[in-house]
Amino acid sequence: FKPVFLGTAHPRSELAQHRRVVNSQKCVRAGGKHNDLEDVGRDTYHHTFFEMLGNWSFGDYFKEEACSMAWELLTEVYEIPRDRLYVTYFGGDSSLGLSADEECRDVWLRLGVPASHVLPFPLKDNFWEMGDTGPCGPCTEIHYDHVGGGRNAAALVNQGSPDVVEIWNLVFMQYSREVEGNLLPLPQHHVDTGMGLERLVTVLQHKRSNYDTDLFTPILDAIHKGCGGPRYQGLVGDADVGRVNMAYRVVADHVRTLCVCITDGIYPGLSGAELVLRRILRRAVRFCSEVLHAPPGLLASLVPTVVEVLGDAYPELTKNADQIMDIVNENEAAFLSSLERGRRIIERTVQQMEPFTNFPTEVAWSLYGNLGFPLDLIDLMLEEKGISLDSAAFNELALEDAKRKAGGPQAGHLEDSNTRLDVHSLAQLRSNNVPATDDSPKYAYTLGQHGQYEFSPCQATVLMLYRDQSLQKEAGAGQRCGVILDRTNFYAEQGGQASDQGYMIRLGQQDILFPVESVRLCGGYVIHEVTAVETLRAGDQVQLFVDEAQRLACMTNHTATHLLNFALRHVLGDNTEQRGSHVTAEQLRFDFDTKGPVTVEQLQQVEQVVQDVIKRNEVVHMAEVPLTLARRVQGLRAVDEGYPDPVRIVSLGVPVESVLTRDSEAAMQTSVELCCGTHLLQTGAMEDLTIINERQLVKGISRVIAVTGGQARKAREVGQCLAMEVDSLSLRMKQRSTSIPEMQKLSKEVGQLTKVLASTAVPQWQRKELQTILKALQRTANTAIKKLEMQQAAEKAQSLLAKHCNQPVIIDTVPADSLSILMKVVNQLCDKSPGTSVLLLSPQVSGEVLCACQVSKNCLPVFSAADWAVAVCTQMEGKAGGSPIVAKGSGNTKGMQGALTTALEFAQSKL
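Calculation criteria
Residues numbered from 1 in each chain as written. Predicted model: local features only at pLDDT ≥ 70, side-chain atom pairs only at ≥ 80, totals over all residues. Heavy atoms only, no water. Helix = DSSP H or I, 4+ residues; strand = E, 2+ residues; numbered from the N terminus. Buried < 20%, exposed > 50% of the residue type's maximum accessible area, 1.4 Å probe, protein only. Contact = heavy atoms within 4.5 Å. Axes fitted to C-alpha atoms, helices over the stretch in contact; angles between N-to-C directions. Parallel < 35°, antiparallel > 145°, perpendicular 65-115°, else oblique. Left-handed = near helix turned anticlockwise from the far one by under 90°. Nonpolar A, V, L, I, M, F, W, Y, C, P; charged D, E, K, R; others polar. Expected span 1.5 Å × (residues − 1). Arc of directions from axis to C-beta. Core = buried A, V, L, I, M, F, W, Y, C linked by side-chain atoms within 4.5 Å. Phe/Tyr/Trp six-rings, centres within 6.5 Å; stacked < 30°, edge-to-face > 60°. pLDDT = per-residue confidence, 0-100. Salt bridge = Lys/Arg side-chain N within 4 Å of Asp/Glu carboxyl O. Pairing = 2+ DSSP bridges. Polar contact = N/O pair within 3.5 Å; in protein donor to acceptor, adjacent residues only side chain to side chain.

A. A look at the overall build of the chain. When helices and strands are tallied, the chain shows 27 helices and 31 strands. Principal-axis analysis of the C-alpha atoms gives the chain an extent of 110 × 85 × 60 Å. Put simply, the chain has 911 residues, and 50% of those count as buried. When contacts within the chain are restricted to residue pairs at least 6 apart in sequence, long-range pairs at least 24 apart make up 70% of them.

B. Molecular detail of the packing of helix 22 (residues 709-734) against helix 24 (residues 764-803). Helix 24 packs onto helix 22 with a crossing angle of 20 degrees between their chain directions and a minimal axis gap of 11 Å. Judged by the inter-axis angle, helix 22 sits roughly parallel to helix 24. For helix 22 against helix 24, the interelement crossing comes out left-handed. Taking contact as the criterion, the partners of Arg 716, Gly 719, Gln 720, Leu 722, Ala 723, Val 726, Leu 729, Ser 730 and Met 733 in helix 22 are, on helix 24, Trp 765, Gln 766, Leu 770, Ile 773, Leu 774, Leu 777, Thr 780 and Ala 781. When the residues that make up the contact of helix 22 with helix 24 are grouped by side-chain class, the tally is 11 nonpolar, five polar and one charged.

C. Molecular detail of helix 7 (residues 217-227). Along helix 7, the positions that sit buried rather than exposed are Ile 219, Leu 220, Ala 222, Ile 223, His 224 and Cys 227. Where the residues of helix 7 are buried, they touch helix 8 (244-263), helix 10 (298-301) and helix 11 (303-310). Positive backbone phi, approximately 65 degrees, marks Gly 228, located one or two places after helix 7.

D. Spotlight on helix 27 (residues 896-910). Under the 1.5 Å per step criterion, the end-to-end length of helix 27 is 21 Å for 15 residues, consistent within 8% with the ideal 21 Å. Regarding helix 27, the residues found buried are Met 896, Ala 899, Leu 900, Thr 902, Ala 903, Phe 906 and Ala 907. Projection of helix 27 onto a plane perpendicular to its axis shows the buried side chains occupying an angular sector of 160 degrees, all on one side. Helix 27 presents Gln 897, Gln 908 and Ser 909 as exposed residues on the side facing more than 90 degrees away from its buried surface.

E. Examining the packing of helix 8 against helix 11 more closely. Running from N to C, helix 8 and helix 11 point in directions that differ by 75 degrees, and their axes come no closer than 10 Å. Judged on the interaxial angle alone, helix 11 and helix 8 are roughly perpendicular. Across the interface between the two elements, Val 255, Arg 256, Cys 259 and Val 260 of helix 8 pack against Val 303, Val 306 and Leu 310 of helix 11. The residue makeup of the contact of helix 8 with helix 11, split by class, is six nonpolar, no polar and one charged.

F. Representation of the nonpolar core within the structure. Membership of the largest hydrophobic core comes to 72 residues, with the highest contact counts inside it found for Ile 223 and Leu 299. Here this core takes 13 residues from helix 8, the largest share from any one element. In contact with Leu 299, other than residues within four places in its own chain, are Val 251, Val 255, Leu 258, Leu 281, Ala 284, Val 285, Cys 288 and Val 328. By size, the runner-up hydrophobic cluster in this structure holds 36 residues, among which are Leu 746, Leu 770, Val 826 and Leu 840.

G. Examining the packing of aromatic side chains more closely. In the structure shown here, the tally under the stated rule is 16 aromatic pairs. Taken together, a centroid distance of 6.2 Å and an interplanar angle of 50 degrees make the contact between Tyr 445 and Tyr 453 tilted. The buried category is assigned to Tyr 453, whose relative accessible area is 11%. With centroids separated by 4.8 Å and ring planes inclined at 55 degrees, the aromatic side chains of Phe 863 and Trp 868 adopt a geometry described as tilted.

H. Expanded view of the confidence of the model for the chain. Per-residue pLDDT for the chain averages 90, and the proportion of residues at 70 or more is 97%. With pLDDT under 50 throughout, residues 408-415 is counted as low confidence; its partners more than four residues away or in other chains account for five contacts.

I. Region of the structure containing the pattern of salt bridges. Scanning the entire structure with this criterion turns up 36 salt bridges. Arg 177 is the partner of Glu 129 in a salt bridge, and the nearest nitrogen-oxygen pair spans 2.8 Å. On the criterion of sequence distance, the pair formed by Glu 129 in strand 5 (residues 127-129) and Arg 177 in strand 7 (residues 164-177) is long-range, its members being 48 residues apart. For the residue pair Glu 129 and Arg 177, the accessibility class agrees, reading buried in each case.

J. How the structure looks around the sheet that holds strand 22 (residues 620-625). If you walk across this open sheet you meet the three strands as 22-23-24, and the pairing is antiparallel. Each of the sheet's edge strands pairs with one partner strand only, and the pair in question is strand 22 and strand 24 (672-674). Going from strand to strand, the sheet's axes swing by 20 degrees on average, the running direction of each strand aside. In this sheet, strand 24 lies alongside strand 23 (residues 647-652) in antiparallel orientation, the contact comprising three bridges. In the strand pairing of strand 24, Ser 651 is matched with Val 672.

K. Structural context of the side chain of Gln 854. Inspection of the secondary structure puts Gln 854 in strand 29 (residues 848-854). Among the residues examined, Gln 854 registers a relative accessible area of 13% and is labelled buried. A polar atom in the side chain of Gln 854 sits 2.7 Å from the side chain of Asn 827. In this structure, Gln 854 is in contact with Val 826, Asn 827, Cys 830, Ser 837, Val 838, Trp 868, Ile 885 and Val 886, ignoring residues within four places of it in sequence.

L. Structural view of unusual backbone geometry. With an omega of -5 degrees, the peptide bond between Leu 860 and Pro 861 qualifies as cis. With respect to the element layout, Pro 861 can be found in the loop between strand 29 and helix 26 (865-875). The phi torsion at Gln 469 lies on the positive side, around 60 degrees, for a residue other than glycine. In this fold, Gln 469 is placed in the loop between strand 11 (458-467) and strand 12 (470-472). Even without being glycine, Glu 877 reaches a positive phi, approximately 55 degrees. Within the fold, Glu 877 resides in the loop between helix 26 and strand 30 (879-882). In this structure Glu 877 comes out as exposed when scored by relative accessible area, which is 67%.

M. Representation of the pairing of strand 11 within the structure. Across the 10 residues of strand 11, eight count as buried, placing the element largely inside the fold. Across four bridges, the pairing between strand 11 and strand 19 (residues 541-546) is antiparallel. Note on strand 19: the bridge partner recorded for Gln 459 is Gln 543. In terms of strand pairing, strand 11 meets strand 14 (residues 480-485) through four bridges, oriented antiparallel. Among the inter-strand pairings, Leu 465 is bridged to a residue of strand 14, identified as Val 483. Both strand 11 and strand 12 contribute to a ladder of three bridges, which runs antiparallel. Residue pairing in the sheet places Tyr 466 in a bridge with Leu 471 of strand 12. Connecting the antiparallel pair strand 11 and strand 12 is a turn made up of two residues, with Asp 468 showing a positive phi of about 50 degrees.

N. How the structure looks around the pairing of strand 19. Pairing geometry for strand 15 (residues 502-506) and strand 19, over five bridges, is antiparallel. Each bridged residue has a counterpart across the sheet, and for Ile 505 the counterpart in strand 19 is Gln 543.

O. Here's a closer look at the side chain of Ser 842. Within the secondary structure layout, Ser 842 lies in strand 28 (residues 837-843). For Ser 842, a relative accessible area of 0% puts it in the buried group. Once residues within four sequence positions are removed from consideration, Ser 842 is found in contact with Val 814, Pro 815, Ala 816, Leu 822, Glu 848, Val 849 and Leu 850.

P. Just the sheet that holds strand 21 (residues 588-593), in detail. Strands sit in the order 20-21-26-25 across an open sheet of four strands; the sheet is antiparallel. The open sheet is flanked by strand 20 (578-583) and strand 25 (689-698), the only strands paired with a single partner. The mean angle between the axes of side-by-side strands here comes to 15 degrees, regardless of whether they run parallel or antiparallel. Pairing of strand 21 with strand 26 (residues 701-708) involves six bridges; the strand directions are antiparallel. Opposite Phe 592, over in strand 26, you have Ser 702 as the bridge partner.

As structure tokens, this is what we get:
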């Protein structure tokens, strides 16, 4: 309901009509401002996932009604004893100039709540904010005393006591927190209340802990059965020896969260909500393995029990149970292997550390960031070894990383400040009766005689200008501002389609263009971002010109997106649900549910379905219909409350009237979607579509990128050229050259072609095919090079062995194309004559001299190959390195003769 609070909901949408609402929401609190993750398990009433029961008022009832309805429900309907309930209210904050919420206090007193049970609390406890900016206000909370017995528990309210727990929070949205941190009164007052179902059930079932209710006991029993340890006893703090009870609570809570999130399409991943879910899963895995000593797989084995408990309320859980178990098992296996790797890295780092130093911060950061190794586990493992981590330096790295990801302070905040109307400006426009923008002219285009698109001109009046978060009557030359018009033919960014660009001119001033850089829709008003080339005023008459080429490209790609959605469902099955899309003039992006990576054959089939519809040049039917009618359409995706009513239906090849007739299955046979975007009138103008990229974003969600028209044609042509190059390489590889340089050249070409293929726009099915061929060619080339090098090395070793028969040391020069071959000659000599130590030099055309040596094991530790190579290569002004047995290096030809003498002298001094 955030758009309602901010006033940005479209005035014709169902959402904007709501005045009073009751609902139940699936809530996850484990990241960001309201973060309960670390509390979960320590006590008996915090959860990462909980069901929030809410009632809402949007500019309708306020404090009096909200409090009295809450009190009536709790005390008369649920019959909760009044003497066990305590209410809190906002006690004021002098630093913000806010006085105590006495209005709220007085409401409770009038309802008969004793004064000793009505308690003031400061900003921290009784002032609610959804984020750093936006709607906020004082709140009143209802707390329940689990002990009762006539005692006064006022002193335990808000003190973290498990006996006195908040069950309901009533938030009075009165203010808006601005970017500068100040508070402004909201034009309309709202109520947002939230009561946790788990805590309410605890009270109604007369339990002391949420985990003792029937929402959790079946899961706790399943954990006991799966790990075979001691039963859950509900112990907390010091009484919970070995944290076994905490582990039960963590695992039971976290597995519920995993089930609900994965079903709703959030999978453990590397950023945002996905990263939070990964942390939850990994925290649960650690408690399973380290505290409960459960075998791998316990977490996934609990999924059927969660489905049993929550499946009636959320049928989608039952449908997705197998998928949830697969994802949990895969992620658990990956984490356990990461833990093992992390432990090895810590061991190795500790061995290499100087005594009495801190553990290297960058290693800790790498473990945390790359392996997802929990920070507290790093601390714990280092503590066991008596080593500490510099937490301040670590936090510094975390801060830098967060800034980088956010793109610097206030990233993205300024770029749209002229097109995103704030709640006060929206209220001002409405109170001044400024009409919402008529943007129907954006659909005013037709097909001309020769198949070209003709866009109707649009004339409009400037109603208001917007800059620096305030409405203004004029903007001076050079100023960037938002322009609100009475009507427009510009498309504002929405529904995944990028906004139009273009320009406007003042009537009668053809030579002065005001460029329109972006367009946004906000609460029914369309705001055009313009840089004023000279003063622009409210009341000015303007003519609007959309960039037709860009618009047509967006129309093409948006219709292609609908067609692609249909083709994917047709090929991959009806369970293929859209997860998101983005349409620009250059390309289209489409995210969808998938069981695994899309195969080459499936990609080809999807493209074929699309091309068949393009060839048929189907008519794209579009019509506005009442929301109630649209909801009848079979196979249509869930209708969002944010859609303006009437809604626009886009149907390919089937008239909208046919789709709307009762029991019509037309929507199952073609693409039918609710869409406010701009589309082609016939599919033929698309000409072609090819998918140029497909990858899995996270387990279960794939992303495809596609191009249309000339770009698709070009991608196919480039694909054909690359296929021919791969064919040519394959032929040359089959001829099996006996020259190492020739094979190395072919191997290099394979590598270069692989790189080009990865970064060039070609059909994805063809990329996958060619990548498979190139991988095989690379293996063939590597094997051939190795074989030729071994042959060459064997020949050289044989002749050297004949030359230096049974010598304890062989020092010589030998022609070799690479250090790799030279090393092989040395290895083969030593294999054939185990008691011999060998050092070989190989002068190159470039003037470099390669050096390789191996020392017989009999000569260790007195004689070291590394020392030998260093002595020789230093003589040639070069470098060397290696182990006591094998070493290599290089130098230059000037010092080669002296190097041979040094080699012999060094060997003699050691033997």
